[in-house]
Structure formats: C-alpha cells, structure tokens
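# Analysis of the macromolecular model
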Amino acid sequence: STEIATPHIDSVAQGGVRFTQGYVSCPVCSPTRAGLVTGRYQQRFGHEFNPGRDADHATFGLPLGEKTIADILKGAGYATGIVGKWHLGFAPEFRPQRRGFDEFYGFLGGGTNQWAPLLYDGVARVESSGDPNYHFMTDMADKAIAWVKFQKAMTPGRPFFVYFAPGATHAPHHVPKEWIAKWKGKFDQGWDKLREQTLARQIELGVVPAGTRLARKPEA
C-alpha cells in the first residue's frame, strides 16, 4: 500500500491510464511545470535553470512561440481553465489568459501564503477573505468545482479542461493541523527508507524496469 491514499488517481491507473514519463527538472518547479504544460523537454525551448551556473542564466517565462496544452485543446473547441499555481511568467504576455486558458484563479509566482494568498481572478486582485478558517487548497477545490458546474450548465455539450495546480506541496508548507494529524506516523521510517520502498513498489507495478537503482546521494 502507498503512504498516501489516492483512490481517484488509483482508479484512473487501474483503468489503464498511467503517466510514467514525467520527471522533475534540476529539480526546480518552474522548468518542470513548463515541460508539463507543453509536453516538451523544456530546455529545447530555453526554459531552464541550472543551479550550478549564475542565476543570470535562468529563464522563467514560457516563450511566446511555445504552445501549451490549453492552446491545443482550446483550438479543438474545449473550454480551458487553470486553478492554482502558474509560475511561468509575470508579464501580461506570459500570463495564463495569453497562453490558451479562458479562466485563471490562482497565484502567479512560485509560492504564496496558503492562509492569506496573493491571488488573481483573471487579471483582478482577489481581496483577502478574512476568514480564520480559510485555506487556499479548499478555495482552489471549490473554485474548480464551481467552474466545471458552470461550464456544464452553460455549454453542456462542450468538452472542458482544468489545470489544477496546488501550491500547498511547495514551500511554504502551510498545512492545516488536522491534515498533519491525519498522516502522523506515516513517514517515521525516514527519507532513505521511504525512497527504497517507493522504488520497490514502482518496479513491482512495472512503472520502472527491474534493476533500476536509486540515484546516489552526495557525500555532503
């Protein structure tokens, strides 16, 4: 069994849909995200960050000539929306609405306070709710569900695509106490043991070939 329950993802995998060719870049979130939304190796179009080089060599705006999955699907008649993290350019020409997405509700940078996030609804800043129980993950889910319901009500025959990009799995790790309590003890075996178990499970499932070895950790 896995450490985290993902019943819906599991049901998709059991139905024959598995994405096994994804990987992180460097690992840095923005280049990885660029590869995810374009389906291309991101360094082929100059979107890279090499931590071993000077920061001046970093490029985080998705080049304007690159098509996103939203561009392609929108051209095929889909309604397209993004909820959550963008992190592929701050300038107006790089924002989601210029990259194939009809709707955007989320934040533009690499991370934001999950209890008091800096959000945009389209191009308009979202005022803080002031609710002491607010958390962006819940807000994200509610907005995505509402958007899907709206699409189905207004254009029931039109297909839709939602890019749901949580920011809570990225620093800052702002997690509600009840979620911390829910997974208490699940990771007590430590990082090294956990990655061994994960690799063994991936080999058993056929996600990676038998004989795959873990990457060596640096000495210091």
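Our subject is the structure that appears above.
A brief report on the enclosed structure follows. (Residues numbered from 1 in each chain as written. Predicted model: local features only at pLDDT ≥ 70, side-chain atom pairs only at ≥ 80, totals over all residues. Heavy atoms only, no water.)

## Things to note about helix α6 (residues 191-205)
An ideal rise of 1.5 Å per residue puts 21 Å on 15 residues; α6 measures up with 21 Å between its terminal C-alpha atoms. Buried residues of α6: L194, L199 and R201, and no others. The arc that holds every buried residue of α6, seen down its axis, measures 165°, which confines them to one face. Following α6 by one or two positions, G206 adopts a phi angle in the positive range, close to 85°. (Helix = DSSP H or I, 4+ residues; strand = E, 2+ residues; numbered from the N terminus. Expected span 1.5 Å × (residues − 1). Buried < 20%, exposed > 50% of the residue type's maximum accessible area, 1.4 Å probe, protein only. Arc of directions from axis to C-beta.)

## Notes on a nonpolar patch on the surface
On the surface, V12, V17 and F19 cluster together into a nonpolar patch covering about 340 Å² of accessible area. Looking at the element boundaries, V12 is found in helix α1 (residues 7-14). Taking relative accessible area as the criterion, V12 reaches 44% and is therefore assigned partly exposed. (Patch = residues over 30% accessible without salt bridge, like charges linked within 9 Å, V, L, I, M, F, W, Y side chains within 5 Å. Areas by Shrake-Rupley, 256 points an atom, 1.4 Å probe, with all protein chains shown as cover. Salt bridge = Lys/Arg side-chain N within 4 Å of Asp/Glu carboxyl O.)

## Topic: the sheet that holds strand β4 (residues 124-125)
Strand order across the open sheet formed by five strands is β4-β3-β2-β1-β5, with mixed pairing between neighbours. Each having just a single partner strand, β4 and β5 (160-165) make up the two edges of the open sheet. Strands β1 (79-85) and β5 of the sheet are contacted by helix α2 (residues 29-38), whose axis makes an angle of about 165° with β5. (Pairing = 2+ DSSP bridges. Contact = heavy atoms within 4.5 Å. Axes fitted to C-alpha atoms, helices over the stretch in contact; angles between N-to-C directions.)

## Some points on the environment of T68
With respect to the helices and strands, the residue T68 is situated in the loop between α2 and α3 (69-75). Sequence-wise, T68 and L199 are 131 residues apart; in three dimensions their C-alpha atoms are separated by 31 Å. In contact with T68, other than residues within four places in its own chain, are V37, L62 and R99. For T68, the side chain forms a polar contact with the main-chain oxygen of R99, separated by 2.6 Å. (Polar contact = N/O pair within 3.5 Å; in protein donor to acceptor, adjacent residues only side chain to side chain.)

## Topic: the pattern of salt bridges
Summed over the entire model, instances satisfying the criterion amount to six salt bridges. One salt bridge in this structure joins R195 and D192, with 4.0 Å as the shortest N-O distance. Highlighted residues: R195 and D192, both in helix α6, separated by three residues, approximately one helical turn. The shortest N-O distance in the salt bridge between D192 and K217 comes to 2.9 Å. Highlighted residues: D192 in helix α6 and K217 in the segment after α6, separated in sequence by 25 residues. Judged by relative accessible area, D192 falls into the partly exposed class, the value being 38%.

## Description of the environment of R195
Residue classification places R195 among the partly exposed residues on the basis of a relative accessible area of 23%. Counting along the chain gives 68 residues from R195 to E127, while the straight-line C-alpha distance between them is 41 Å. Among residues more than four places away in sequence, those in contact with R195 are L214, A215 and K217.

## Observations regarding the side chain of H135
Secondary-structure assignment places H135 in the loop between β4 and α4 (136-154). Relative accessible area serves as the criterion here: at 7%, H135 is assigned to the buried category. Engagement of the side chain of H135 in a polar contact is seen with the backbone oxygen of H174, the distance being 2.8 Å. Residue contacts for H135: discarding those within four places in its chain leaves Q114, W115, A168, H174, V175 and P176.

## Description of the nonpolar core
With 16 residues, the main nonpolar core has L62, I82, W86, L88, F101, F104 and Y163 as its most contacted residues. Broken down by secondary-structure element, the contributors of at least two residues to this core are α2, α3 and β5. Among the elements that line this core, the one with the most residues is β5, at three residues. With near-sequence residues (within four places) excluded, I82 lies in contact with P96, F101, E103, F104, Y105 and Y163. Membership of the second largest hydrophobic core comes to eight residues, among which are V83, Y134, F136 and A144. (Core = buried A, V, L, I, M, F, W, Y, C linked by side-chain atoms within 4.5 Å.)

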